[in-house]
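# Architecture and fold: a report
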Amino acid sequence: MNLTDEEKQIFCEVLAENDILRESGAWQGEDERASPVATGASDAARKRSFRLAYKGAYNFRVNGKSVGRNSTKNIDVKPKTDRSGLDITIKPGTKNEQVHIPVAISATGIKEAVYNDFYIGDNAEVTIIAGCGIYNCGPTDSVHDGIHRFYVGKNAKIKYIEKHYGFGPGRGGKILNPVTEVHLQENSEASLELEQIKGVDSTIRKTTADLDKNTKLIVKERLFTHGRQTAESIYEVALNGKDSTTDIASRSIAQDLSKQSFKATIIGNNKCRGHSECDAILMDEAEVHAIPALDAKTKDAELIHEAAIGKIASDQIKKLMTLGLTKKQAESKIINGFLH
Amino acid sequence: MLELKDISCSVKGGSRGKILDHISLRIKKGSFTVITGPNGSGKSTLADIIMGIKTPTTGKIFLESRDITNQTITERAEDIAYSFQQPVKFKGITVYDLLNIASGELIAPEEASKHLKKVGLNPEDYLTREINDKLSGGELKRIEIASVLARPAKLFIFDEPEAGIDLWSFDNLIKIFKKLKKEQKTIIIISHQEKILKLADEIIILEKGKIKSKGTPSEILPQIKGAKP
Ligand SMILES: Nc1ncnc2c1ncn2[C@@H]1O[C@H](COP(=O)(O)OP(=O)(O)OP(=O)(O)O)[C@@H](O)[C@H]1O
Ligand SMILES: [Mg+2]
């Protein structure tokens, strides 16, 4: 793994932020920042540390190149030949395994589009964790467009966790545009946790899904924008199969002068149930637009949308103040709980 | 302990000019006061004013001879604990979180469990529950009371603690109040319940924002027809 010191540093930040890695045993109790990668140990020692620490399937991408990759007996991680990205194939029946595909960008002016396709075999149950961190200390925008496609086989179950963050003092923008495409075959289930807490200047997130018979898509989105950031979140979910269900829940905080828009379209093409919910807390001069769309093509489609936008409830602040918190402390407790 | 001097409160567009109309009262340290009176008579408003949630239009509040009229809620919370009539719901805050906040420090789950047991909630079922609208009214009310019992305060105010609480728990509640009294805490309870009124050293009847009468239970109870058995 040939990383510069700066790359190592950023990558460790990404892994540290992505605390799911710790849970999965990637760092086996070590303090990430003091790990051999962070401290710049010899190449061999670093390699050993990654190998020893993490045995699952992974691909680590730093500044546009893959710096480590591993396949397991059940999970094949292969680079694409025609464009940048991966083909990840999960054998039918694979259970309790994880795939990690963290991305770190530390250079200013990087613009990349990465296509990752996941082929999930029938009856498999896996967790896929993708975190992307951009550190931009330079003057030029850095952009990462991650296009993730999931082909979920019959009776399979996936959990996809995506965490995005940006940091660094540079004037250059930290821009992330994730596209997530989910195709659910009969009786399968996908649960998406999409989180972007501060630091990313501009994001357009597009999530589309088509659901076959008796399938379920659950989305939990968490968003926190501040400064002059903009975030747009677009969902298009087609409930095609009988008894398909979806529940899309977005919670967001918009602070300072940031702007968010949330657009969820659920299309009911069959007997199905769909629910989308946009719950936003507005602070300062921020703006949030919620544009729900429900498109029922049959009377057996039950579709619901809820949207609530407003400032932090004053009775919540007051209650916590009566328990001894200052107004600021109360607000931050409420925000943390809300984004939990 | 607590003294209210000439407290009035009015709101623009309120149904009547003044919600509270020149209220003065003194509450002794270690005493048990019950405030009662018809709906809309200003009881909760008075409690809100003592806690600093609402600001009086005129008048002053003294706590142990200190003028606290201009203190924030947070400052008053050092001495005063207040159980709301309408428990507040949150998103993503658990019962354990709330009890931690109330205790002013991180407490062990066993410690938090004690407070829940006091209000008849099984910690195993409730400690990790979020305080949101999935909880029933009575459950929310008990959690609200537990959060107040976790406070290291001198003055405890409970606004209609009996509301939504079933009979078994109600008897427990009475025990809690008796225990607080034994611990020399000063207690103000807003209530319509005769069993609670009977515990009082002094009962105050509010009507249309004014103190209509006050006295011991034996003086006041015969006057009250509205009090439920
Ligand atoms: N913010 C407000 N704006 C207008 N009117 C208000 C406001 N707050 C309270 N009031 C009015 O003040 C009066 C007293 O309210 P308060 O909640 O103190 O009554 P209460 O005695 O606690 O009644 P209850 O027994 O129903 O709890 C009511 O008529 C109420 O409508
Ligand atoms: Mg009231």
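Everything below is about the structure shown above.
These lines cover the structure that appears in this document, whether it is placed above or below. (Residues numbered from 1 in each chain as written. Chains lettered and ligands numbered in written order. Predicted model: local features only at pLDDT ≥ 70, side-chain atom pairs only at ≥ 80, totals over all residues. Heavy atoms only, no water.)

## Some words on the overall build of chain B
Each helix and strand in chain B was counted, giving nine helices and ten strands. In summary, chain B has a C-alpha radius of gyration of 17 Å against a globular reference of 17 Å for 229 residues, a match within 12%. A total of 229 residues make up chain B; the buried ones form 57% of that total. Across chain B, every contact between residues at least 6 apart in sequence was considered, and the portion connecting residues at least 24 apart equals 66%. Of the roughly 10700 Å² that chain B leaves accessible, carbon and sulfur atoms contribute 51%. Of the charged side chains in chain B, 37 are positive and 30 negative, and the gap between their average positions amounts to 5 Å. (Helix = DSSP H or I, 4+ residues; strand = E, 2+ residues; numbered from the N terminus. Rg over C-alpha atoms; globule rule 2.2 N^0.38 Å. Buried < 20%, exposed > 50% of the residue type's maximum accessible area, 1.4 Å probe, protein only. Contact = heavy atoms within 4.5 Å. Areas by Shrake-Rupley, 256 points an atom, 1.4 Å probe, with all protein chains shown as cover. Lys, Arg positive; Asp, Glu negative; His and termini not counted. Charge placed at Lys NZ, Arg CZ, Asp CG, Glu CD.)

## A word on the site of ligand 1
Residues and elements named next belong to chain B. By nearness alone, 14 residues border ligand 1, and Gly40, Lys43, Ser44, Thr45 and Gln85 come closest of all. One nitrogen or oxygen atom from the side chain of Asn39 is found 2.9 Å from an oxygen atom belonging to ligand 1. Take Glu160: an N or O atom from its side chain is 3.5 Å from an oxygen atom of ligand 1. Burial of ligand 1 by the surrounding chains reaches 66%, relative to a free accessible area of 640 Å². (Near = heavy atom within 4 Å. Polar contact = N/O pair within 3.5 Å; in protein donor to acceptor, adjacent residues only side chain to side chain.)

## Topic: the pairing of strand β10 (residues 210-215) of chain B
All names here are of chain B. Pairing geometry for strand β9 (residues 202-207) and β10, over five bridges, is antiparallel. Each residue of the ladder has a partner; that of Leu206, found in β10, is Ile211. Linking two consecutive strands that pair antiparallel, namely β9 and β10, is a turn of two residues; a positive phi of about 45 degrees is found at Lys208 within it. (Pairing = 2+ DSSP bridges.)

## Describing helix α6 (residues 137-149) of chain B
All names here are of chain B. For α6, built from 13 residues, the straight-helix expectation of 18 Å at 1.5 Å per residue is met to within 8% by its first-to-last C-alpha distance of 19 Å. With respect to burial, α6 is a largely interior element, twelve of its 13 residues being buried. All of the buried residues in α6 are Gly138, Glu139, Leu140, Lys141, Arg142, Ile143, Glu144, Ile145, Ala146, Ser147, Val148 and Leu149. (Expected span 1.5 Å × (residues − 1).)

## Focus on the coordination of the magnesium ion (ligand 2)
Any two of four tetrahedral donors ideally make an angle of 109.5 degrees at the metal, while pairs among six octahedral donors ideally make 90 or 180 degrees. Residue and element names in this part refer to chain B. Coordination of the magnesium ion (ligand 2) by the protein comes from Ser44 (OG) and Gln85 (OE1), over a distance range of 1.9 to 2.1 Å. Within this pair, whereas Ser44 is found in helix α1 (residues 43-51), its partner Gln85 is found in the loop between β6 (80-83) and α3 (95-103), the two being separated by 41 residues in sequence. Residue Ser44 is classed as partly exposed on the basis of its relative accessible area, which comes to 22%. (Donors = N, O, S within 2.8 Å, 3.2 Å for Na, K, Ca; no water.)

## Considering the interface of chain B and chain A
Contacts between the two partners involve 21 residues from chain B, matched on the other side by 19 residues from chain A. Taken together, the links from chain B to chain A amount to two salt bridges. With its nearest N and O atoms 3.1 Å apart, the salt bridge here joins Glu144(B) to Lys319(A). For the pair chain B and chain A, the interface holds seven residue pairs in polar contact (both at pLDDT 80 or more). (Salt bridge = Lys/Arg side-chain N within 4 Å of Asp/Glu carboxyl O.)

## Considering the packing of aromatic side chains
Residue and element names in this part refer to chain A. If you walk through the whole model with that rule in mind, you get eight aromatic pairs over all chains. Where Tyr58 meets Phe60, the ring centres are 4.4 Å apart and the plane angle is 20 degrees; that geometry is what we call stacked. Residue class for Tyr58 comes out buried when judged on its relative accessible area of 4%. Residue classification places Phe60 among the buried residues on the basis of a relative accessible area of 2%. Seen in terms of ring centroids, Phe118 and Phe150 are 4.6 Å apart; in terms of plane orientation they differ by 15 degrees. Their pairing is stacked. Of this pair, Phe118 sits in strand β7 (residues 111-120) while Phe150 sits in strand β9 (residues 142-152), placing them 32 residues apart in sequence. Pair check on accessibility: Phe118 and Phe150 agree, each one buried. Of the aromatic side chains, those joined through ring pairs into one cluster are Phe118, Phe150 and Tyr160. When the ring centre of Phe224 is taken as origin, the NZ or CZ atom of Lys198, which lies over that ring, is 4.8 Å away. (Phe/Tyr/Trp six-rings, centres within 6.5 Å; stacked < 30°, edge-to-face > 60°. Lys NZ or Arg CZ within 6 Å of the ring centre and 35° of its normal.)

## Looking at the layout of surface pockets
Considering only enclosed or pocket space, the largest pocket measures out at about 780 Å³ in volume. Arg251(A), Glu277(A), Asp279(A), Phe90(B) and Lys91(B) are, among the 32 residues lining the largest pocket, the residues nearest its centre. When contributions to the lining of the largest pocket are tallied by element, the ones reaching two or more residues are β15 (216-225), β17 (244-254), β19 (272-282), β21 (301-310), α5 (314-322) and α6 (327-339) of chain A. For the lining of the largest pocket, the leading source of residues is β19(A), giving five residues. For the lining of the largest pocket, a count of residues per class yields 14 nonpolar, four polar and 14 charged. (1 Å grid on protein atoms, 1.4 Å probe; cavity = no way out; pocket = protein on both sides within 12 Å on 5 of 7 lines; lining within 4 Å. Points joined across faces, edges and corners; volume = space filled by probe spheres on them. Nonpolar A, V, L, I, M, F, W, Y, C, P; charged D, E, K, R; others polar.)

## Some points on the side chain of Ser191(B)
All names here are of chain B. Relative to the helices and strands, Ser191 is located in the loop between β8 (186-190) and α8 (194-197). Within the structure, Ser191 has its side chain in polar contact with the side chain of Glu162 (distance 3.0 Å). Among all residues touching Ser191, those that are not within four sequence positions of it are Val34, Ile35, Thr36, Glu162, Ile196 and Leu197.

## Focus on the nonpolar core
Membership of the largest hydrophobic core comes to 94 residues, with the highest contact counts inside it found for Leu320(A), Leu2(B), Leu20(B), Leu99(B), Leu155(B), Phe158(B) and Phe177(B). Beyond its immediate sequence surroundings of up to four residues, Phe158(B) is in contact with Ser83(B), Ile145(B), Val148(B), Leu149(B), Phe177(B), Leu180(B), Ile187(B), Ile188(B), Ile189(B) and Ile190(B). Membership of the second largest hydrophobic core comes to 39 residues, among which are Ile158(A), Ile248(A), Ile266(A) and Cys272(A). (Core = buried A, V, L, I, M, F, W, Y, C linked by side-chain atoms within 4.5 Å.)

## Overview of the sheet that holds strand β1 (residues 2-10) of chain B
Ordered by their spatial adjacency, four strands build an open sheet running β2-β1-β4-β5 (chain B), and the pairing between neighbours is antiparallel. Sheet topology places β2 (18-27) and β5 (66-67) of chain B at the edges, where each strand pairs with a single neighbour.

## Description of the side chain of Arg76(B)
Residue and element names in this part refer to chain B. Following the sequence through the fold, Arg76 ends up in helix α2 (residues 73-76). Glu75 provides the closest opposite charge to the buried, salt-bridge-free Arg76, at an N-O distance of 6.7 Å. One polar contact links the side chain of Arg76 to the main-chain carbonyl oxygen of Thr69, over a distance of 3.1 Å. At a separation of 3.2 Å, a polar atom in the side chain of Arg76 contacts the main-chain carbonyl oxygen of Gln71.

## Focus on the sheet that holds strand β3 (residues 32-36) of chain B
Residue and element names in this part refer to chain B. As summarised here, the arrangement of the six strands in space is β6-β7-β8-β3-β9-β10, forming an open sheet in which the pairing is mixed. Taken across any chain shown, the strands that pair with only one partner, and hence form the sheet edges, are β6 and β10. For this sheet the average axis-to-axis angle between neighbouring strands, irrespective of direction, equals 15 degrees. Contacting β3, β6, β7 (155-159), β8 and β9, α1 crosses the sheet at an angle of about 150 degrees to β6. (Axes fitted to C-alpha atoms, helices over the stretch in contact; angles between N-to-C directions.)

## Comments concerning the pattern of salt bridges
Across all of its chains, the model carries 30 salt bridges over all chains by this definition. Ionic pairing is found between Glu287(A) and Lys259(A), a salt bridge with its closest N-O pair at 4.0 Å. On the criterion of sequence distance, the pair formed by Glu287(A) in strand β20 (residues 287-296) and Lys259(A) in strand β18 (residues 259-268) is long-range, its members being 28 residues apart. On the basis of relative accessibility, which here comes to 39%, the residue Lys259(A) falls in the partly exposed class. For Lys154(B), the salt bridge is made with Asp79(B), and the minimal N-O distance between the two is 3.3 Å. Of this pair, Lys154(B) sits in the loop between α6 and β7 while Asp79(B) is found in the loop between α2 and β6, placing the two residues 75 residues apart along the sequence. Looking at Lys154(B), the relative accessible area reads 35%, which means it is partly exposed. Using a relative accessible area of 10% as the deciding quantity, one classes Asp79(B) as buried. When salt bridges with common partners are traced through the structure, they connect Lys80(A), Asp87(A), Asp117(A) and Arg149(A) into a single cluster.

Everything listed is a geometric property; what it means functionally is a separate question.
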